[in-house]
Amino acid sequence: MPSSPIGLASKLSTFSNNDFLSSSDLKSDQVLALFELAKELKTGNRRIDLGNRVLGLIFKKASTRTRVSFQVAMARLGGQTVDLNPQNTQLGRGEPIKDTARVLSRYCDALAIRTFSQQELEEYAEWSTIPVINALTDLEHPCQALADYLTIQEKFGKLKGINLTYIGDGNNVANSLMLCGSMLGVNVKICSPKGFEADSHIAEKAESLSEFGSKISICNNPLKAVKEAQVIYTDVWASMGQEEEHIKRKEIFEKYKVDQKLIGLADDEVIVLHCLPAHRGEEITEEALESQSDHVFNQAENRLHVQQALLAVQLGGL
Ligand code: CP
Ligand code: NVA
């Protein structure tokens with residue numbers, strides 16, 4: 001049975017027209033309400049037509065899942081997207097963000113931005129009068145974390161008390177997993193080689209958001225870190241923009257590969273997640289990825305459902 005539109009609307013209405021720049025921009029009850037809405041959209045129990053709304057996509061980095069899931073989400077909400085590739089706009093020729101943001105606010109209803117610095121994203125948000133969504137920066141990937149925790153909730157029927165161990169680079173994905181997981185009651189361990197640990201300020205912020213007794217920890221020993229893990233999560237060792245470090249990182253991260261042996265040390269019911277794209281033979285073996293493909297592709301599919309729910313809320317569709 002669909003949840004009462006009034007119940008969901010009252011939890012989510014405060015987020016209407018808001019930016020989503022960081023996982024910490026949503027509160028735990030809003031995330032859980034968003035998951036309810038996402039599941040209703042996914043099962044077809046609810047339809048929302050925003051009517052001809054337009055999402056602008058500014059992507060300075062490559063993307064398959066994020067770009068296409070935003071495009072499809074808007075199509076399903078009765079709207080559309082416009083591709084504002086910086087190579088084809090005046091942005092590529094140096095037009096300032098403060099002008100671009102004010103102009104695009106007169107044409108579009110929201111902007112999804114993938115770029116390098118979080119500061120640049122914040123500058124767009126400062127000058128835009130429409131909601132701005134973080135479609136990945138070097139610091140965070142908050143839409144990914146929403147899809148990840150929706151997938152975990154669907155699998156285990158709960159989030160509180162779940163143990164998630166992330167193995168690999170302490171990057172944007174790890175940061176958003178800590179922030180979002182902490183407020184949902186998930187115990188999040190980020191296990192990385194020395195010198196590649198997750199941002200300590202983000203870890204402290206995540207701890208300050210902790211609800212339902214969740215614990216956040218940063219560690220270096222993968223064999224110990226996966227003990228009792230119900231979810232093992234990994235991501236590429238060199239993120240977009242770090243390509244020149246790829247060869248060096250392959251040596252440093254060798255012991256942080258998710259393989260059958262590591263998975264065997266975790267909880268009997270463990271699942272493995274990966275935000276994709278995966279580099280088979282590096283952060284995860286072919287066998288480990290293929291044996292977990294149901295979960296990993298459910299996770300990728302959930303990008304569409306959570307982002308559709310997010311856009312519906314931000315654009316006042318409830
Ligand atoms: N996981 C993710 O964000 O994938 P894309 O880079 O393909 O968007
Ligand atoms: N950490 C990766 C995630 C890709 C979806 C990157 O930033 O390239």
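**Topic: the overall build of the chain**
1) Next: Across its full length, the chain holds 13 helices and 9 strands.
2) Next: Taken against the 2.2 N^0.38 rule, which gives 20 Å for 318 residues, the C-alpha radius of gyration of the chain at 19 Å falls within 12% of a compact globule.
3) Next: Based on the C-alpha atoms only, the size of the chain along its principal axes is roughly 55 × 50 × 35 Å.
4) Next: Looking at the chain as a whole, 54% of its 318 residues qualify as buried.
5) Next: When contacts within the chain are restricted to residue pairs at least 6 apart in sequence, those whose partners lie at least 24 apart make up 76%.

**Points about the sheet that holds strand β9 (residues 271-274)**
1) Next: Read across the sheet, 5 strands follow the order β7-β6-β5-β8-β9 without closing on themselves; strand pairing throughout is parallel. Each of the sheet's edge strands pairs with one partner strand only, and the pair in question is β7 (216-219) and β9. Between one strand and the next, the sheet's axes are offset by a mean angle of 20 degrees, whatever the strand orientation.
2) Next: Across 5 bridges, the pairing between strand β5 (residues 163-167) and strand β6 (residues 187-191) is parallel. Bridge assignment links isoleucine 167 to a residue of β6, and that residue is cysteine 191.

**Re the pattern of salt bridges**
One side chain can pair with another of opposite charge once the charged atoms of both are near each other.
1) Next: Within the structure shown, the criterion is met by 13 salt bridges.
2) Next: Its salt-bridge partner being glutamate 40, residue arginine 46 comes within 2.8 Å of it at the nearest N-O pair.
3) Next: What makes glutamate 40 buried here is its relative accessible area of 5%.
4) Next: Glutamate 282 is the salt-bridge partner of lysine 250, the closest N and O atoms lying 3.9 Å from each other.

**What to know about the site of ligand 1**
1) Next: Around ligand 1 sit Ser63, Thr64, Arg65, Thr66, Arg114, His141, Gln144, Cys275, Leu276 and Arg303, and those are all the residues in its vicinity.
2) Next: Take threonine 66: an N or O atom from its side chain is 2.7 Å from an oxygen atom of ligand 1.
3) Next: In the model, an oxygen atom of ligand 1 is placed 2.9 Å from a nitrogen or oxygen of the arginine 114 side chain.
4) Next: Partitioned by chemical class, the residues of the shell around ligand 1 number 2 nonpolar, 5 polar and 3 charged.

**Things to note about the site of ligand 2**
1) Next: Every residue near ligand 2 is listed here: Leu136, Asn171, Asn172, Asp235, Val236, Ser239, Met240 and Leu276.
2) Next: Separating a nitrogen atom of ligand 2 from a side-chain N or O atom of aspartate 235 is a distance of 2.6 Å.
3) Next: Methionine 240 is positioned with one of its backbone polar atoms (N or O) 2.8 Å from an oxygen atom of ligand 2.
4) Next: For ligand 2, whose unbound accessible area comes to 270 Å², protein coverage reaches 94%.
5) Next: Residue classes in the shell around ligand 2 are distributed as 4 nonpolar, 3 polar and 1 charged.

**Here we look at the side chain of histidine 274**
1) Next: Residue placement: histidine 274 occurs in strand β9.
2) Next: Here histidine 274 falls in the buried class, since its relative accessible area comes to 1%.
3) Next: Within the local environment of histidine 274, its side chain forms a polar contact with the backbone nitrogen of leucine 276, the two atoms lying 2.8 Å apart.
4) Next: Non-local contacts of histidine 274, meaning those with residues more than four positions away in its chain, are made with Tyr233, Thr234, Asp235, Val236, Glu283, Ile284, Val296 and Gln299.

**Some details on the packing of aromatic side chains**
1) Next: Applying the stated criterion across every chain, the model contains 5 aromatic pairs.
2) Next: Members of the aromatic cluster, joined through ring pairs, are Phe196, Trp237, Phe253 and Tyr256.
3) Next: Between the NZ or CZ atom of lysine 160 and the centre of the ring of phenylalanine 212, over which it lies, the distance is 4.4 Å.

**Focus on the nonpolar core**
1) Next: Phe35, Phe70, Leu146, Tyr149, Leu164, Met178 and Leu184 are the most contacted members of the largest nonpolar core, which has 65 residues in total.
2) Next: Contact partners of phenylalanine 35, with chain neighbours within four places excluded, come to Leu146, Tyr149, Leu150, Gln153, Leu159, Leu184 and Val306.
3) Next: If you look at the next biggest cluster of nonpolar residues, it comprises 22 residues, including Ala225, Trp237, Ala266 and Ala278.

Quick notes on the rules
- Residues numbered from 1 in each chain as written.
- Chains lettered and ligands numbered in written order.
- Predicted model: local features only at pLDDT ≥ 70, side-chain atom pairs only at ≥ 80, totals over all residues.
- Heavy atoms only, no water.
- Helix = DSSP H or I, 4+ residues; strand = E, 2+ residues; numbered from the N terminus.
- Rg over C-alpha atoms; globule rule 2.2 N^0.38 Å.
- Buried < 20%, exposed > 50% of the residue type's maximum accessible area, 1.4 Å probe, protein only.
- Contact = heavy atoms within 4.5 Å.
- Pairing = 2+ DSSP bridges.
- Axes fitted to C-alpha atoms, helices over the stretch in contact; angles between N-to-C directions.
- Salt bridge = Lys/Arg side-chain N within 4 Å of Asp/Glu carboxyl O.
- Near = heavy atom within 4 Å.
- Polar contact = N/O pair within 3.5 Å; in protein donor to acceptor, adjacent residues only side chain to side chain.
- Nonpolar A, V, L, I, M, F, W, Y, C, P; charged D, E, K, R; others polar.
- Areas by Shrake-Rupley, 256 points an atom, 1.4 Å probe, with all protein chains shown as cover.
- Phe/Tyr/Trp six-rings, centres within 6.5 Å; stacked < 30°, edge-to-face > 60°.
- Lys NZ or Arg CZ within 6 Å of the ring centre and 35° of its normal.
- Core = buried A, V, L, I, M, F, W, Y, C linked by side-chain atoms within 4.5 Å.

Fair warning: the whole summary comes from geometry, so function is off the table for now.
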